[in-house]
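Here is how the chains run, residue by residue.
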Amino acid sequence: MPSLESDAQAVRRQLERVLGSAGFSRNERLSEFLRFVVDGHLEGKDRELKESVIAVEVFGRSPGFDSRLDPVVRTEAVRLRARLSDYYAKEGKADAW
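Residues numbered from 1 in each chain as written. Predicted model: local features only at pLDDT ≥ 70, side-chain atom pairs only at ≥ 80, totals over all residues. Heavy atoms only, no water.

Colleague: Please clarify how the overall build of the chain should be interpreted in this entry.
Modeller: For the chain, the count of helices and strands is 5 helices and 0 strands. When the helices and strands of the chain are listed from N to C terminus, the series reads α-α-α-α-α. Taken over the C-alpha atoms alone, the chain extends approximately 45 × 30 × 15 Å along its principal axes. Sequence-distant contacts in the chain: of pairs separated by 6 or more residues, those separated by 24 or more amount to 49%. (Helix = DSSP H or I, 4+ residues; strand = E, 2+ residues; numbered from the N terminus. Contact = heavy atoms within 4.5 Å.)

In structure tokens form, the structure reads like this:
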């Protein structure tokens, strides 16, 4: 049975593969978003990965960020999902993760 450590290493390798792909290598904003969320999850910080935290940490919004007035995280999440879907439909079609 694989260890959590080896799973985390495999996830990080896959993250680097995704971030090095054509769809991500030229898009710093989406790459930073994906890295922040994956790293947070691997560090056991799922409860801290809230819209307000992502807005401040990834997108440079002020600590008083109000998602009702600025949908940046939701908008970028839609773009990120689409970019990941495209990656796994093409370049990453044979990827194990």
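Colleague: Explanation requested: the pattern of salt bridges in the structure shown.
Modeller: A side chain of one charge can pair with a side chain of the opposite charge when the charged atoms of the two come close. Enumeration over the complete set of coordinates arrives at 10 salt bridges. For Arg68, the salt bridge is made with Asp66, and the minimal N-O distance between the two is 2.9 Å. A residue is classified by how much of its surface remains accessible, and Asp66, at 23% relative accessible area, is partly exposed. What you see here is one network of salt bridges that share partners, running through Arg29, Glu76 and Arg79. (Salt bridge = Lys/Arg side-chain N within 4 Å of Asp/Glu carboxyl O. Buried < 20%, exposed > 50% of the residue type's maximum accessible area, 1.4 Å probe, protein only.)

Colleague: Help me understand the packing of aromatic side chains, please; the structure alone is not making it clear to me.
Modeller: For any two aromatic rings, the description comes down to two numbers: the centre-to-centre distance and the angle of the planes. The final tally for this structure, using the stated rule, is 2 aromatic pairs. Their ring planes at 75 degrees and their centres at 5.3 Å tell us that Phe33 and Phe59 sit as a pair that is edge-to-face. Highlighted residues: Phe33 in helix α3 (residues 28-42) and Phe59 in the loop between α4 (51-57) and α5 (72-89), separated in sequence by 26 residues. Judged by relative accessible area, Phe59 falls into the buried class, the value being 9%. Pairing Tyr87 with Tyr88 gives two aromatic rings, centres 4.8 Å apart and planes at 85 degrees, and the pair type is edge-to-face. According to the relative accessible area criterion, Tyr88 is partly exposed, its value standing at 31%. (Phe/Tyr/Trp six-rings, centres within 6.5 Å; stacked < 30°, edge-to-face > 60°.)

In short, shape yes, function no, at least from these values alone.
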